[in-house]
Each structure stands twice: as structure tokens, then as C-alpha cells.
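Per-entry structural report
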Amino acid sequence: MIGEVHVPSSAVRVFTDPDDHAAAIRQGVSEMTVTGRGVFRSEIVRIDLHNLWMQRFTENVSRIKHTIGLGGRAVIAFPVQPGPAQFWQGVALTPVNLIRHREGANYYQHSAGASVTASMSLPLSEIAAIGTPLAGCDLLPPRDSFILTPPPSAMARLQRLHAAAGHIAKTHPDVIAHPASARGLEQALIEAMVTCLTNADASEDRSARRRHAVIMRRFHRLIAEYPDQALYIPEICKAIGVAERTLRLCCQEQLGVSPKQFLLMRRMQLARRDLGKADPSNATVTEIATCYGFWQFGQFAGVYKAIFGELPSVTLARRGE
Amino acid sequence: MPASTIAVCTGASDLEAALQNLGDLNVIVTGREEFRARVTEVELQNLRVWAVHERVSRVGFLQIPADIVLALIAPGGPPSPPIWSGITLDKGDVLLCGPGRCLHMRTAGPSHWGAISLPAGDFAAYFAMLTGQVLTMPILAQRRGPSAANCRRLMQLHTAAIRAAGMRPHTIVDPEAAHGMEQQLIHALVKCLSACPSEDAAGPHECQDVVTRLAQLLRSQPERYANQTAFCAELGVSLGHLRRCCKQILGIGPASYAHLYLADRARRVARKRTAHRIAL
């Protein structure tokens, strides 16, 4: 066998906190901002075969995810089922597409509603070794991430196998843990993945989208620099050196929402996180809301309830219970 | 440090003191009713916000500080806002005044108006960053007719900030809440001013200049100008022109203005003497 051998395993985890969900995503550092209304609920199915790692993400509301890949692995990702639109760097994706990530990819993806997405990755050494024998070409990660549209039959096979693996992980995890069956599954998946990568049409890489991606990276860097602080459009435009109109264009394209909406959602989420952790005998909704720059409290409570389905006081009181 | 103050003024000098951060203001009461005004001021990190409710008609001369940009707003509803240098503001209008500018203001009775100030450099920087355009700092006050949506947002935020100062002053003091308020106000102000065509409100520029010089003459050597002829000689304008300008800018003639100014000055001196005697 080529490469380091790992013991096969699988895990199914359910989350009600977007931050916990984001922390559980492998192969990168991720952050999630929920944009849909209602109580967040998600599931991550993780399957580790000998060399191949897989994940399936199920989320019940629309969201924005930002990921910085860790490198060291060749990663692909794809939407699993038709439904509310999904976007990667502002480009719409369907289950016939897959994304081939560059190493250490830094990107935004967003969904317009409930979504199921999948990812797979192999160590660089492994993908380099199988490229020529299997595909007759180099399959190392590209210099820039891009979207592929594999032949329908190849993509359908990959989707079926990935879904089957996810189902087995939930219903018969002992099958995944068995080295022989894990190897069989892994080989089938690798073959399906390579078939998709070598016979696909690549999407056109537009320079405008690249420029927007650069702006969004600066945007994200600023947000990452102040993870627990409220940020506003005037100071963001000042810090990253773009006019509001340009920032709005980039955010609409890559996040699916305006920067104002995104920043509001972020502040709301930070407030909700703190409300959920605070001791109601010591803290008040007003104190926590003002920490994130909210000063119109009636409006804060109204918007909070519209987004999360409950008043902020209920979130705070729940911790006490 | 963010803060808010509410001042109830029972005299012209009280109002001048309460608005000292707005600029150098000189107020002359023209009405006979008992003077009453309420000034709410919110001081944020760089931005200041005011709301003023006045009961009595008066004229005033305002010198804006050399490093400040001032946006005068008409929040709407009765009572009407003042007339600024002959310019009537409609509900939702914003009058942008450049650094160091002089304005006259007059009211014909109860009035309600608002203001937002920001250091000129900061305002220009935010305008450029947010719009991608260079702001031509108004030489004289420029009137803007903001679009309904942009105007409403600015007026809403202004009203909310003033209300917060009155009902929840501890909110203003909180650094994060104050920062949020300031950023939202700056954003709304820039959007309001950039979204709509500007109108140079320096129309009565020449009259404004004449009346400004008249006010300066009265302040410097009031006893010297016992009659209108003396003013005209010093200002280099005809009596007819001087009267027209005063009517347009102040709403009253030069003789009435001088009379009221001198009477007001005498009252202030007398009040000071009384206060000094009481202190002793």
C-alpha cells in the first residue's frame, strides 16, 4: 500500500451551534454565519478510510461558510442534492459540478436554504502516486481552485458511492471499521473521483471574479482579526481600501447577502453565543447586546426573534435552566 | 469618552453655552415670550449629535469651527426648523456646512432642529472610502435634497440617538454601543449626501456676507454704529441693499437688529454684574 496507513473509522455528529459545526469541519479552519431564520441544526458524517477522508454536511438553514484549507491534501467538494441554490465564490453549483480546491484554499461558499454537501480528500503523496497509473496525468491540486463539470455518468457514480458510504456510516459503522471492506469502498471511491477529475470540463476563470475573491480575502482577514468585535461598513471600507459599492458587489456575489446584512448576522450570532453562555443571575440582555454595538434594544429584540425564533431573554434564561 | 447631556435653557446665553461645541454662537431673542430651549447633545468618539427644541423667536450668528463639518437637519413635523442664512429647510433636508463657515439663523417662533458634526478630515476620508469619490468640501453651505430612503434612515438614527440620550444615557457611555451608533450615523450621513444631487445653497451669498460683516461690526464696536448710515458707510453698501439683505437673512431690518443686539448686550452685562455682586 502507498502512503501511511490509518485505521478506518466513522462518526456521525449533530450540532445546534454553528460555531461547533464549523470547528468540526476537517481539512481547514472554517467559520459559519447563519443567514436563514429558525433554529440551526446540522449533521456531519465523517468517514476516514485508509487514505481517503470523506465528509457529508447537512444543514437545515441558509448559511455562509468561510474556509481556509490546511494543505497537505487534495480536496474536492460537491453539492449532493438538488434544492436551494448553493454558491462557491459567487458561482452557482449544482450536483453535476464539483470543486477542485487548490492547496490551502481560502474561500466563501453560501447556500440559499437547507443543503447537503460532500467532500473528499487524499494525501498529496497518494494523489501524486495514482495520477499517472490511473488517470495518465498529474492530479495534484491546481494553482487556483476551479469548478468542474464531469461527465454525468461519472458524477452520478461518485454521488451514489459517497451517499452509500454515508448511509453505511450511519447504519453499519462496523463495516467502515473493517479494514477489508474499507479498502474496497476506498478503491471504488478513488476510482470514481479520478474518473470525474480527468474527464471533466473546467469552468472559465474570470479575472473579475478573481479580483473579487482577493477583496473578500481581505474582508475575511479583517473579520478574523477581530473575531469577537462588532464591525461596520465605514471602518471595513477604510481598512480594506474599497468603496462600499464594490464591497457590496463582492459580498452579493460571494456571500449571497449584502455586507450590511452579513455584518448584522454576524453581530447577532455573537450576541446569541454570549446569551447562550451567560449566567442570567449576573448578565442582562442589554449588557450583552451593547457589547456588540446594539443600542436600539427594541429593534434588537425584534430582529433577534425574527432570526432565531425566540426572544433574546429566552436564550439567556435557558442557560439558567 | 462617549457622553450625553441634556440642557434646559432659560436665556440666550444658556443656549449659547449649551451649543458651544457646535461653534461660536451668538443669539438675540426677538420674541417677547419667556425664553425656553432644550438642547440634547450626544458626544461619540469623533461625531457629535444635537437636537434643539426652542420656544421663542430669535436670530443667531454661528461661526463653525475651522476643522469641523456640520450637517444641519430638519427632522420634520412641527415646529419648523430655523431658516439658515435665508435658506428654508424642508422635512428631511440636510444642509452641509464647510469648516469655518458663518451662518445666520432665525426662527419665527417655536422651532425644532438637529445637527451632526464630524472633524472635516474624518468626514472627507469616510466619504472617499465609502463612495470612491472625493468630496468637494462646500465653500459655503450646500443644500442637499436626499432621496426618501436615505433621508429616512439618517433621520431615524438621529431621532433614536437623541431618544437614547434621554431615556438610556448609560447606552451612550458604553464604548461598543457608542461605536456602533457612530458608525451607523456616519454611514447614513455619507449615503444621504452622496445619493442625491447637491444644490449649492450659497444663493444669497452676497447678502450673507454683508450681514456677517454687520454682525462683526456690532460685536467689535457696538457704540460706534448708532445709526444705519454708519453701517452703510463702513460696509460700503447702500441703505436699500443693507435693508434687503437683513430682511432676507435675519428677517428683520438693520436698525431693529442693532437695537436688539445692543439691548441684549446690555442685559448680559447687567446680569454679569448682578452675579458678581451676589458672589461677593
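Because the structure is a prediction, the values reported are computed rather than measured.

On to the sheet that holds strand S8 (residues 87-88) of chain B, then. Residues and elements named next belong to chain B. What the five strands build is an open sheet, ordered S2-S5-S10-S7-S8; its pairing is antiparallel. Because the sheet does not close on itself, it has two edges, and the strands there are strand S2 (24-29) and S8. Where strand S7 (residues 83-84) and strand S10 (residues 102-107) come together, two bridges link them in antiparallel fashion. Along S10, the bridge assignment pairs Ile83 with Arg106.

Once that is clear, we can look at the confidence of the model for chain A. On average, chain A scores 89 in pLDDT, and the residues at 70 or more come to 94%. Here strand S13 (residues 201-202) of chain A stands out as the least confident element of chain A, with mean pLDDT 72; strand S3 (residues 42-48) of chain A is the most confident, with 96.

This part takes up the interface of chain A and chain B. In this assembly, 20 residues from chain A lie in contact with 22 residues from chain B. Buried surface at the junction of chain A and chain B, summed over both partners, amounts to about 1,800 Å²; 61% is from carbon and sulfur atoms. Seen at the junction of chain A and chain B, the total is zero salt bridges. In this structure, the connection of chain A to chain B is made through seven residue pairs in polar contact (both at pLDDT 80 or more). Among the elements of the structure, helix H7 (233-240), helix H8 (244-254) and helix H10 (285-291) of chain A are those that each provide at least two residues to the side of chain A that touches chain B.

Moving on, we get to the environment of Arg37 of chain A. All names here are of chain A. Following the sequence through the fold, Arg37 ends up in the loop between strand S2 (28-34) and S3. Sequence spacing of Arg37 and Gly113 is 76 residues, and the spatial spacing of their C-alpha atoms is 9.7 Å. With sequence-adjacent residues up to four places away left out, Arg37 is seen in contact with Val61, Ala306 and Ile307.

With that settled, consider the packing of helix H9 (residues 259-277) of chain A against helix H11 (residues 297-308) of chain A. When two helices pack together, their arrangement is given by the angle between their axes and by how far apart the axes lie. All names here are of chain A. Here H9 crosses H11 at 90°, and the two axes come no closer than 11 Å. Classed by the angle they form, the pair H9 and H11 counts as roughly perpendicular. Seen from H9, the contacting residues are Leu264, Met265, Met268, Gln269, Ala271, Arg272 and Leu275; seen from H11, they are Phe300, Val303, Tyr304, Ile307 and Phe308. In the contact of H9 with H11, the residues fall into 10 nonpolar, one polar and one charged.

In this section: the packing of helix H2 (residues 120-131) of chain B against helix H5 (residues 175-195) of chain B. All names here are of chain B. Two elements in contact, H2 and H5, have axes separated by 10 Å at closest approach and are oriented at 70°. As far as their axial angle goes, H5 and H2 are roughly perpendicular. Note that H2 runs across H5; the crossing there is right-handed. Every residue of H5 that contacts H2 at Phe123, Tyr126, Phe127, Leu130 and Thr131 is listed here: Gln183, Ile186, His187, Leu189, Val190, Leu193 and Ser194.

A separate point is a nonpolar patch on the surface. A surface patch of nonpolar side chains, amounting to about 270 Å² of accessible area, comprises Val29, Ile68 and Leu70 of chain A. Of note, Leu70 of chain A is situated in the loop between strand S5 (63-69) and strand S6 (73-79).

Here we come to the pattern of salt bridges. Tallied over the entire structure, the rule returns 19 salt bridges over all chains. Between Glu59 of chain A and Arg63 of chain A there is a salt bridge; the shortest N-O distance is 2.4 Å. One salt-bridge network, in which partners are shared between bridges, spans Glu16, Asp264, Arg267 and Arg268 of chain B.

Now for the nonpolar core. One broad trend across soluble globular proteins is that nonpolar side chains are buried collectively. If you look at the biggest cluster of nonpolar residues, it comprises 59 residues, and the most contacted ones within it are Phe219, Leu247 and Leu255 of chain A together with Phe123 and Met181 of chain B. Residues within four places of Leu247 of chain A in sequence aside, it is in contact with Ile215, Phe219, Ile236, Cys237, Ile240, Val242 and Pro259 of chain A. Counting 37 residues, the second largest nonpolar core, distinct from the first, contains Ile47, Val80, Leu139 and Leu148 of chain A.

Conventions used here
Residues numbered from 1 in each chain as written. Chains lettered and ligands numbered in written order. Predicted model: local features only at pLDDT ≥ 70, side-chain atom pairs only at ≥ 80, totals over all residues. Heavy atoms only, no water. Pairing = 2+ DSSP bridges. Helix = DSSP H or I, 4+ residues; strand = E, 2+ residues; numbered from the N terminus. pLDDT = per-residue confidence, 0-100. Contact = heavy atoms within 4.5 Å. Buried area = accessible area lost by both parts, 1.4 Å probe. Salt bridge = Lys/Arg side-chain N within 4 Å of Asp/Glu carboxyl O. Polar contact = N/O pair within 3.5 Å; in protein donor to acceptor, adjacent residues only side chain to side chain. Axes fitted to C-alpha atoms, helices over the stretch in contact; angles between N-to-C directions. Parallel < 35°, antiparallel > 145°, perpendicular 65-115°, else oblique. Nonpolar A, V, L, I, M, F, W, Y, C, P; charged D, E, K, R; others polar. Left-handed = near helix turned anticlockwise from the far one by under 90°. Patch = residues over 30% accessible without salt bridge, like charges linked within 9 Å, V, L, I, M, F, W, Y side chains within 5 Å. Areas by Shrake-Rupley, 256 points an atom, 1.4 Å probe, with all protein chains shown as cover. Core = buried A, V, L, I, M, F, W, Y, C linked by side-chain atoms within 4.5 Å. Buried < 20%, exposed > 50% of the residue type's maximum accessible area, 1.4 Å probe, protein only.

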